[in-house]
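If you want the building blocks of each chain, they are given just below.
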Amino acid sequence: MQSLYDFNYEQIQQLALDYGWKKFRGHQIFQWLYRKRVFQIDEMSDLSLDTREKLKESFIINPCKIVDKQVSSDGTVKYLFELSDGAYVESVLMIYDYGKSICVSSQVGCNMGCDFCASGLLKKRRDLTSGEMVAQVLSVQKELDEKNERISHIVVMGTGEPFDNYENVMNFAATVNHDRGLGIGGRHITISTCGIVPKIYAFAQAHTQYNLAISLHAPNNELRNQLMPVNKAYPLEVLMEAVRYYTTLNNRRLTFEYILLRGVNDSDEHAAQLAKLIHGLNAYVNLIPYNEVDEHGYRSVDVQSAMKFYDKLMKRNIRVTIRKEHGGDIDAACGQLRAKKEKQRME
Ligand code: SAH
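Every chain is numbered on its own, with residues counted from 1 as its sequence reads. Local features in a predicted model are, by the rule used here, given only for residues with pLDDT of at least 70; side-chain atom pairs are given and counted only at 80 or more, and totals for whole chains, interfaces and linings are based on all residues. For the side-chain quantities, the full set of heavy atoms in the structure was used; hydrogens and water were omitted.

**Q** Explain the site of the ligand to me, please; I cannot follow it from the model alone.
**A** A single heavy atom is enough: if one lies within 4 Å of a molecule or strand, its residue is considered near that molecule or strand. Taken together, the neighbourhood of the ligand is formed by 19 residues, with Glu-161, Ser-192, Ser-215, His-217 and Asn-291 sitting nearest. Polar contact is the term for a pair of N or O atoms within 3.5 Å; when the atoms are in protein, one must be able to donate a hydrogen and the other to accept it, and sequence-neighboring residues count only if both atoms are side-chain atoms. Note that a nitrogen atom of the ligand is positioned 2.9 Å from one of the backbone N or O atoms of Asn-291. Against a free-state accessible area of 530 Å², the protein chains account for coverage of 94% of the ligand. Listing elements by their share of the shell around the ligand, those giving two or more residues are strand S10 (189–193) and strand S12 (254–260). Residues belonging to the shell around the ligand are distributed by class as follows: ten nonpolar, seven polar and two charged. To measure how exposed things are, a 1.4 Å probe is used in the Shrake-Rupley method; for residues, cover is taken only from the protein chains shown. Only runs of H or I of at least four residues qualify as helices and only runs of E of at least two qualify as strands under DSSP, and these elements are numbered from the N terminus. All residues other than Ala, Val, Leu, Ile, Met, Phe, Trp, Tyr, Cys, Pro, Asp, Glu, Lys and Arg, Gly among them, are scored as polar; the first ten of these are nonpolar and the last four charged.

**Q** How should I be thinking about the pattern of salt bridges in this particular structure?
**A** Oppositely charged side chains are able to pair whenever their charged atoms sit close together. We count a salt bridge whenever a side-chain nitrogen from Lys or Arg sits within 4 Å of a carboxyl oxygen from Asp or Glu. What the rule picks out here adds up to 15 salt bridges. Between Glu-149 and Lys-147 there is a salt bridge whose closest N-O contact spans 3.8 Å. Of the charged contacts, one joins Glu-257 and Arg-323 as a salt bridge, the two residues approaching to 3.5 Å between their closest N and O atoms. On the criterion of sequence distance, the pair formed by Glu-257 in strand S12 and Arg-323 in the loop between strand S14 (319–322) and helix H12 (336–346) is long-range, its members being 66 residues apart.

**Q** Help me understand the pairing of S12, please; the structure alone is not making it clear to me.
**A** For a regular strand, side-chain orientation follows a simple rule: the groups alternate between the two sheet faces. Along S12, seven of the seven residues are buried, which leaves the element largely enclosed by surrounding structure. Side chains Leu-254, Phe-256, Tyr-258 and Leu-260 project from S12 onto one buried face, and the interleaved Thr-255, Glu-257 and Ile-259 project onto a second face that is buried too. Whether two strands pair depends on DSSP finding at least two bridges between them. Relative to S12, strand S11 (residues 211–215) runs parallel, the two sharing three bridges. Each bridged residue has a counterpart across the sheet, and for Ser-215 the counterpart in S12 is Glu-257. Where S12 and strand S13 (residues 283–289) come together, seven bridges link them in parallel fashion. The residue of S13 that forms the bridge with Thr-255 is Tyr-284. Here a crossover is taken to be right-handed if, once the strands point away from the viewer, the path from the first strand over the helix to the second is traced clockwise. Running through helix H10 (residues 268–278), the crossover from S12 to the neighbouring parallel element S13 is right-handed. Whether a residue is buried, partly exposed or exposed follows from its accessible area with a 1.4 Å probe, protein chains only, as a fraction of its type maximum: under 20%, in between, or over 50%, in that order.

**Q** Please explain the domain arrangement of the protein as it appears in this structure.
**A** Much of the literature gives interface size as the accessible area that the parts lose upon coming together. An automatic or database domain assignment supplies the start and end points of every domain. Taken domain by domain, the protein comprises domain 1 (2–60) and domain 2 (64–346). Computed from C-alpha coordinates alone, the two centres of domain 1 and domain 2 are separated by 32 Å. The criterion used for residue contact is that any of the two residues' heavy atoms lie within 4.5 Å. The interface of domain 1 with domain 2 comprises 16 residues on the first partner and 18 residues on the second. The term buried area refers to how much accessible surface (probe radius 1.4 Å) is lost by two components on association, counted for both of them together. Carbon and sulfur atoms supply 55% of the area buried between domain 1 and domain 2, which totals about 1500 Å² over both sides. When the buried surface of domain 1 facing domain 2 is broken down by residue, Tyr-5, Tyr-34 and Arg-37 rank first, second and third, together holding 41% of it. Along the contact surface separating domain 1 from domain 2 lie one salt bridge. If you look at where domain 1 meets domain 2, you find ten residue pairs in polar contact (both at pLDDT 80 or more).

**Q** In this structure, what is going on with unusual backbone geometry? I would like to understand it.
**A** It is generally the case that most residues other than glycine have a negative phi and that most peptide bonds are trans. Look at Asn-148: it is not a glycine, yet its phi comes out positive at around 60 degrees. Structurally, Asn-148 can be placed in the loop between helix H4 (130–145) and strand S9 (153–156). For Asn-148, a relative accessible area of 75% translates into the label exposed. One non-glycine residue, Asn-251, lies in the positive phi region at around 50 degrees. Mapped onto the elements, Asn-251 comes out in the loop between helix H9 (236–250) and S12. Judged by relative accessible area, Asn-251 falls into the exposed class, the value being 62%.

**Q** Looking at this model, I keep getting lost on the sheet that holds strand S4 (residues 77–82). Mind explaining?
**A** Pairing between the strands of a sheet comes from backbone hydrogen bonds, and it takes one of two forms, parallel or antiparallel. Pairing within the open sheet is mixed, and its ten strands lie in the order S3-S4-S5-S6-S9-S10-S11-S12-S13-S14. Only two strands of the sheet have a single neighbouring strand rather than two, namely strand S3 (65–71) and S14. Neighbour-to-neighbour, the strand axes of the sheet open up by a mean angle of 25 degrees, direction not taken into account. Here S3 pairs with S4 via six bridges, running antiparallel. Each bridged residue has a counterpart across the sheet, and for Gln-70 the counterpart in S4 is Lys-78. Only the contacting stretch of a helix is used when fitting its axis, a line to C-alpha atoms as for every element, and angles between N-to-C directions run 0 to 180 degrees. Strands in contact with H9 are S11 and S12; relative to S12, the strand with the most contacts, it is inclined by about 145 degrees.

**Q** Could you clarify how one ought to interpret the side chain of Thr-76 in this entry?
**A** Counting through the fold element by element, Thr-76 comes out in the loop between S3 and S4. There is a polar contact of 2.7 Å between the side chain of Thr-76 and the side chain of Asp-74. Among all residues touching Thr-76, those that are not within four sequence positions of it are Gln-70, Val-71, Val-92, Leu-93, Met-94, His-326, Gly-327 and Ile-330.

Next comes the structure, spelled out in structure tokens:
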């Protein structure tokens, strides 16, 4: 059965028309899903019994169920969801002073094969539907509703490569962004890619308000080839040209994510190369503490080395921030909880 979360506002109105109902029915259904946030079609009390029965023949609302939850001492909550086919995906809720941000997964597993990442430990099994991404947000929002709290920000930075599932991710963003539903502002939605260049062009041409983040992690092709296989398909010069196109066309600032890996990409020389690479771009660098993954040998830098790297970039007039670590005491690295659960399931 398909989830009603698969439909954005316009599509749900069309669905109503297809049933021979008024367009307004679609609007009502959207309100039930995103304003009242019901999980049962039967709860849509201002729809006729007949309408509800018709919907129930083909649709369900939430295709995910929460099967595990880890709460960190800093308030970070990691959710493990089971989808209708038994697959597991994760989301993480993080508390910031500016609001609550949820990190959603876009695929079951990932094929990008980044050498330091826990997600790639399990190869991609399939793309998530847009409804399964919406469901991650709504399941968590429903829990927050009990405390009168609200998710204000979304980052598509969980397991998976969003630009390897472009259409569904864009549909998901349109659904949660819609002002007749959750109304999460476009500038509060961030999509992070490892650098699938053709989709960066498509994203630029879509002219949305969503933020773009690029996982860079290395300032030269030799090192980036080692860390991120995607660089062999789209090397830095090709990536940077796409990025320049995006910033010029949209007049938007973008973020480069850079995990500091001890002894790998954290030298003065790397900082100088990085500054040179992004010099003059409307961008800033987000330095990320590495969540160590048992299966990989990489280590995070210490605070002093991170600060040193930060200073080197600042001195070269690069805008830079250091990301605060969340959920250090739980399995917060992308894919860690899921990988562990899958392992238990196989035992
Ligand atoms: N595939 C997309 C989005 C998912 S990964 C992308 O590559 O951007 C989200 C971010 O988390 C990426 O910057 C990724 O490189 C980073 N990341 C992966 N494993 C990590 C780890 N163990 N510790 C910290 N960041 C990690």
